[in-house]
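# A structural walkthrough
So the chains spell out like this:
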Amino acid sequence: MSNQRAGETPIAFGTDGWRAVIADGFTDHNLERVAQAYADYLHGLGNGTPNVVVGYDRRFLSESFARIAAEVMAGNGIKLAMFDEAVPTPLVSWAVRETKAAGGIMITASHNPAIFNGFKIKAPWGGSASPEITAAVEHLVDAGDPKRAALPADLGQESLTAEVASYRTQIASYVDLDRLRATEGTVIVDPMHGSGGHWVESFLTGGKLQVETVRGDRDPLFGGVNPEPIDQNIGALKARVKATGAFLGLATDGDADRLGAANEKGETLNMHEVVPLMLLHLLRDRKKTGGVVRTFSQSILLKRIAKAHNIALHETPIGFKYVADLMINDDILLGAEESGGIGVRDHIPERDGILNSLLLLEAVVASGKTPSQMVKDMHREFGEFYFGRIDVKCEVADGKALVARVAKKPPASLSGYSVRDVQTTDGTKLIFNDESWLLFRQSGTEPLLRIYSEATTKSMLRDLLQAGATMAPA
């Protein structure tokens, strides 16, 4: 039973942390409540004095919110290591694991609109907190009054400086940077004004490769788009790729844990193309082994590639914490979600937009082909599939009702395509005879009904998405 008090704003953790609109749900007071619950959780583990890493992104007031969270930790006698500038989320996760911290706090709303901010919890293993952890913290909200204290003079800056250096060493050892720097051509990098900043560029300078970063400065409004690296938001990247003749465009989201990309034509490479290409690179070029994890909205191509290479395929609900759990407990080479979160073995069990940007670039360079040709070759070998997603503004209750209704009474066909099966792992997915699918899922962090589809032709994709949209609540 929850401890949340009458009159207080309900606090609910979504797929990856607690998020709310700044100055509405995300207030100083509510942040204190959540931070206190996390402090109570850490003390409840009974492992002596906990230590916590605190980081933040470039959103409006993120540094102030990070300070409040840190002051609550200090008020509860928790030892702190706090970054003094905006950093990528994967760096916070890396620092948590490498310093053997009890956990981490990242102030970010990731890819959500600029009006949001959020509180992500990072687990000791250097990844997203498990559902069990977030449920326990949520249960402890209002179990006690928040305690705040002035921050100590020592905020662990020396240890964090060392972990920034060790993170850079890890990236340099994972990717063949010498080969990338020696490549002739141009690459455009777009951090979307987020905390990815010039991180990717910093690994690639000093050779023949020409690297240019666009939207690398801080803008809490993210240039008027949501900092999610999907087609409708990366126009600046696509335009610059075309203008410069670059062979690849790379994008990261607001806190740099997700990846987006554009091919040499300035067209979006979606994650149903990027992730399979990266998996093939790891399996064939780098001779890696291990299973693959796909979330419920990821590509059928991963299933076919896994079968062709005789590796295990796992499917989870949407949310990288489910992927991370398998990466920790099983032999997993790559785990991915449709929204650009990718984790790879021999790193932290976490999405890392910095590493994955470089790894995708390595895959392109190793192929000796253009990205569009790589996709064509993959389709020729494993079958053509095209992906699309639309987001419909929808009250949470209405969206959940639709999802439940479609699961209970699925249509026999849509737009002339027969429905073969219904799956309800996370939302409701209609499966068609050729393995094409249409998925309805209510967002866990926003009042949006997400409608996803993957189909064997572009016309079928268009038909299915249109049919799905007409079913959405008005």
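The structure we're discussing is the one just above.
In what follows, the accompanying structure is described.

Reading guide: rules and limits
Residues numbered from 1 in each chain as written. Predicted model: local features only at pLDDT ≥ 70, side-chain atom pairs only at ≥ 80, totals over all residues. Heavy atoms only, no water. Helix = DSSP H or I, 4+ residues; strand = E, 2+ residues; numbered from the N terminus. Rg over C-alpha atoms; globule rule 2.2 N^0.38 Å. Buried < 20%, exposed > 50% of the residue type's maximum accessible area, 1.4 Å probe, protein only. Contact = heavy atoms within 4.5 Å. Core = buried A, V, L, I, M, F, W, Y, C linked by side-chain atoms within 4.5 Å. Pairing = 2+ DSSP bridges. Arc of directions from axis to C-beta. Salt bridge = Lys/Arg side-chain N within 4 Å of Asp/Glu carboxyl O.

The number of helices and strands found in the protein is 15 helices and 21 strands. Against the 2.2 N^0.38 benchmark of 23 Å for 474 residues, the protein shows a C-alpha radius of gyration of 22 Å, consistent with a compact globule. Its C-alpha atoms give the protein principal-axis dimensions of about 60 × 60 × 40 Å. Per-residue burial for the protein yields a buried fraction of 60% across its 474 residues. The long-range fraction of contacts in the protein, counting pairs at least 24 apart against all pairs at least 6 apart in sequence, stands at 71%.

Here the focus is the side chain of Q36. Counting through the fold element by element, Q36 comes out in helix α1 (residues 28-44). Its relative accessible area of 1% is what places Q36 among the buried residues. Discounting residues that sit within four places of it in the chain, Q36 has contacts with V72, N76, G144, D145, P146 and K147.

Our next topic: the nonpolar core. Formed by 68 residues in total, the largest nonpolar core has its most connected members in V53, L204, L334, I342 and L361. Broken down by element, the residue count for this core peaks at nine residues, all from helix α9 (residues 271-285). Those residues in contact with V53 that lie beyond four places of it in its chain are A81, F83, V92, A95, V96, T99, A101, G103, G104, I105 and L160. Ranked by size, the runner-up nonpolar core spans 39 residues in total, among them Y41, A69, A74 and I105.

Regular strands place side chains that alternate from one sheet face to the opposite one. Of all the eight residues making up strand β21 (residues 448-455), eight are buried; the element is thus mostly covered by neighbouring parts of the structure. Residues of β21 alternate between two faces, with L448, R450, Y452 and E454 on one and L449, I451, S453 and A455 on the opposite face, all of them buried. Relative to β21, strand β20 (residues 437-442) runs antiparallel, the two being bridged by six bridges. Note on β21: the bridge partner recorded for L438 is S453.

It is worth spelling out helix α8 (residues 235-244) at this point. Taken as a whole, α8 has its buried residues at L237, K238 and V241. One face of α8 carries all of its buried residues, which in axial projection span an arc of 95°. Where α8 is buried, its residues contact β7 (186-190), β9 (248-252), β10 (259-262) and β11 (268-269).

Turning our attention to the pattern of salt bridges. One pass over the full model with this rule turns up 33 salt bridges. For D178, the salt bridge is made with R181, and the minimal N-O distance between the two is 3.7 Å. Taken together, the residues D178 and R181, both in helix α6 (residues 177-181) and three residues apart, mark about one turn of the helix. Residue classification places D178 among the exposed residues on the basis of a relative accessible area of 58%. Classification of R181 as partly exposed rests on a relative accessible area of 25%. With its nearest N and O atoms 3.7 Å apart, the salt bridge here joins E184 to K208. Of this pair, E184 sits in the loop between α6 and β7 while K208 is found in the loop between α7 (199-204) and β8 (210-213), placing the two residues 24 residues apart along the sequence. By the burial criterion, E184 is exposed, and K208 matches it.

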